[in-house]
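# Structural overview for review
Chain residues, written in single-letter form:
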Amino acid sequence: MSNPPTPTCVRHPDRPTGLACTRCGRPACPECLRPASVGQHCVDCVRQGQREVRQVRTVGGGRAGAGAVPSVTYGLIAVNVLVYVITAAQAGSAMNNYRGSALFREFVLVPLLVADGEWWRLLGSGFLHYGAIHLLVNMFALYVVGRDLEQVLGRVRFACVYLVSLLGGSAAVMALSDTIVATAGASGAVYGLFGAVTVTLIRLRQSPTPMLVVIGINVLISFSLPGISLWGHLGGLAAGTLATLGILFVPGWLLARRPEAARTPEAARRIGWAALAAVAVACLAVIVAATLVVRGDRPMAPVEVSAPVVEAPQPR
């Protein structure tokens, strides 16, 4: 009576083995097996299991553990610093970099010039700063609040909230500031991040009191000190707060009325993106409306606005 043939490894047919994968049952040599919580799995089952494991995400939709380095926050700081260095070099002054800098003159937000078609000022002005102190204050605030918020929202959502906040600040300046006041700075976007952090704390069921105090102090300073763009700050705060509400709360509110089968993470992400886009569209609508008003209020005779006749600059 002959003995049955010894099984061979499915990946190495020349290797007899008495071992097998506890998941698929196929024979495998020790080199092709990996320890598992129960028994041992072959390398093919290990790879399949890794593909089937769902990615753990934060409450804001970001990938948990994927953003150990807040690259968007650091990138934004780098861009702001680079733009400041260029303006300072062009002006030949670190403190008065807005005097004599062609880049500053080209990007600074002046509603009358935006109404003339220079739309790039709406975003470009958010990367300009009036002197080194203005830059340091804004970049420190961005560094403090940006790192943690980027982990919760994820890189792409965080970048979008930042840009929408910047756009919201520009929209408020267009609608409510004097048409020939020059405004620049990242504060509108930073205020938007303040609002975003506050909403995130509420969503995580943590106390938002520290952020509310910070916001209150900064708004009070904006009201108290002359030459600060109050509307740029408040517009950014409103846009960032609404954008983050759209990401963290609106999906839950809308999906609560749908059947349980429709309450999927993918549906929540789609609704969050739609809400974020709605805030951006609202900011653009305010800008367009303000532009039409500015054009309608212009005198019949053509007016050329150059840097020397623009009113005192307002940091934001």
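Structure first, text after, so check above.
Everything numeric in this text was worked out from a predicted model, so none of it was measured.

## Side note on the state of the cysteines
In the structure shown here, the tally under the stated rule is zero disulfides. Free of any disulfide, C9 has its nearest cysteine sulfur in C29, 3.7 Å distant. Counting only cysteine sulfurs, C32 is the nearest neighbor of C29, a cysteine outside any disulfide, at a range of 3.6 Å.

## Some remarks on the packing of helix α8 (residues 187–203) against helix α10 (residues 230–248)
Running from N to C, α8 and α10 point in directions that differ by 35 degrees, and their axes come no closer than 7 Å. The interaxial crossing formed by α8 with α10 has right-handed handedness. Side by side, α8 and α10 meet where S187, G188, Y191, G192, G195, A196, V199, T200 and R203 of the first sit next to G232, H233, G236, L237, G240, T241, T244, L245 and L248 of the second. Broken down by class, the residue content of the contact of α8 with α10 amounts to six nonpolar, 11 polar and one charged.

## Here's the deal with unusual backbone geometry
Positive phi values are uncommon outside glycine, yet R205 reaches one of about 60 degrees. Position of R205 relative to the elements: it lies in the loop between α8 and α9 (209–224).

## A closer look at the packing of helix α7 (residues 155–176) against α10
Where α7 contacts α10, the two axes come as close as 7 Å, and the packing angle between them is 140 degrees. In terms of axis orientation, α7 runs oblique to α10. The handedness of the crossing between α7 and α10 comes out as right-handed. Listed contacts from α10 to R157, V161, V164, S165, G168, G169, A172, V173 and L176 of α7 are W231, G232, G235, G236, A239, G240, A243, T244 and I247. Each residue belonging to the contact of α7 with α10 can be placed in one class, and the counts come to nine nonpolar, eight polar and one charged.

## Details of a nonpolar patch on the surface
Among the surface-exposed residues, V69, Y74, F140, Y143 and V144 lie close enough to one another that they form a single nonpolar patch of about 470 Å² accessible area. By residue number, the principal contributor to the nonpolar patch is helix α6 (residues 131–153), which donates three residues. Residue placement: V144 occurs in helix α6.

## Brief notes about the environment of L33
As for its placement among the helices and strands, L33 is situated in strand β1 (residues 33–35). Between the alpha carbons of L33 and C45 there is a distance of 9.5 Å; along the sequence they are 12 residues apart. Contact partners of L33, with chain neighbours within four places excluded, come to L19, A20, C21, A28, Q40, H41 and C42.

## A word on the nonpolar core
Proteins that are soluble and globular tend to have nonpolar side chains buried together. The biggest cluster of nonpolar side chains holds 63 residues, and the ones touching the most others in it are V108, L142, V161, Y162, L193 and F194. If we skip the residues at most four places from it in the chain, Y162 touches L76, N80, L142, A186, A189 and L193. Judged by nonpolar contacts, the second largest core, of eight residues, contains C9, C21, C42 and C45.

## Some thoughts on the packing of aromatic side chains
Scanning the entire structure with this criterion turns up six aromatic pairs. Here Y74 and Y143 contribute two aromatic rings whose centre-to-centre distance is 6.3 Å and whose plane-to-plane angle is 15 degrees, an arrangement assigned as stacked. Residue Y74 is found in helix α2 (residues 71–91), and its partner Y143 is found in helix α6; the two are separated by 69 residues along the sequence. Judged by centre distance (5.7 Å) and plane angle (35 degrees), the rings of F249 and W253 are tilted.

## Notes on the side chain of H134
Along the chain, H134 falls in helix α6. Discounting residues that sit within four places of it in the chain, H134 has contacts with H129, A184, G185, S187, P315 and R316.

## Comments concerning the side chain of E150
Considering the arrangement of structural elements, one finds E150 in helix α6. Among the polar contacts made by the side chain of E150, one reaches the side chain of T73 at a distance of 2.8 Å. If we ignore the near neighbours within four places in the chain, the residues touching E150 are V69, P70, S71, V72, T73, R155 and F158.

## Points about α6
In this model, α6 (23 residues) spans 31 Å end to end at C-alpha, consistent with the 33 Å of a helix rising 1.5 Å per residue. At G146, α6 is deflected by roughly 40 degrees, the largest bend along its length. Where α6 terminates, the next one or two residues include G154, which has phi positive at roughly 90 degrees.

## Focus: the pattern of salt bridges
Inspection of every chain in the model, using the stated rule, returns seven salt bridges. With its nearest N and O atoms 3.2 Å apart, the salt bridge here joins D44 to R11. With D44 in helix α1 (residues 43–52) and R11 in the segment before β1, the pair connects residues that are 33 residues apart, well separated along the chain. Overall, the relative accessible area of 26% leaves D44 in the partly exposed class. For R11, a relative accessible area of 40% gives the class partly exposed. Among the ionic pairs, R47 bridges to D44, the shortest N-O distance being 2.9 Å. Of this pair, R47 and D44 both sit in helix α1, three residues apart, roughly one helical turn.

Criteria and thresholds
- Residues numbered from 1 in each chain as written.
- Predicted model: local features only at pLDDT ≥ 70, side-chain atom pairs only at ≥ 80, totals over all residues.
- Heavy atoms only, no water.
- Disulfide = S-S within 2.5 Å.
- Axes fitted to C-alpha atoms, helices over the stretch in contact; angles between N-to-C directions.
- Helix = DSSP H or I, 4+ residues; strand = E, 2+ residues; numbered from the N terminus.
- Left-handed = near helix turned anticlockwise from the far one by under 90°.
- Contact = heavy atoms within 4.5 Å.
- Nonpolar A, V, L, I, M, F, W, Y, C, P; charged D, E, K, R; others polar.
- Parallel < 35°, antiparallel > 145°, perpendicular 65-115°, else oblique.
- Patch = residues over 30% accessible without salt bridge, like charges linked within 9 Å, V, L, I, M, F, W, Y side chains within 5 Å.
- Areas by Shrake-Rupley, 256 points an atom, 1.4 Å probe, with all protein chains shown as cover.
- Salt bridge = Lys/Arg side-chain N within 4 Å of Asp/Glu carboxyl O.
- Core = buried A, V, L, I, M, F, W, Y, C linked by side-chain atoms within 4.5 Å.
- Buried < 20%, exposed > 50% of the residue type's maximum accessible area, 1.4 Å probe, protein only.
- Phe/Tyr/Trp six-rings, centres within 6.5 Å; stacked < 30°, edge-to-face > 60°.
- Polar contact = N/O pair within 3.5 Å; in protein donor to acceptor, adjacent residues only side chain to side chain.
- Expected span 1.5 Å × (residues − 1).
- Bend = angle between axes of the 7 residues up to and from the residue.

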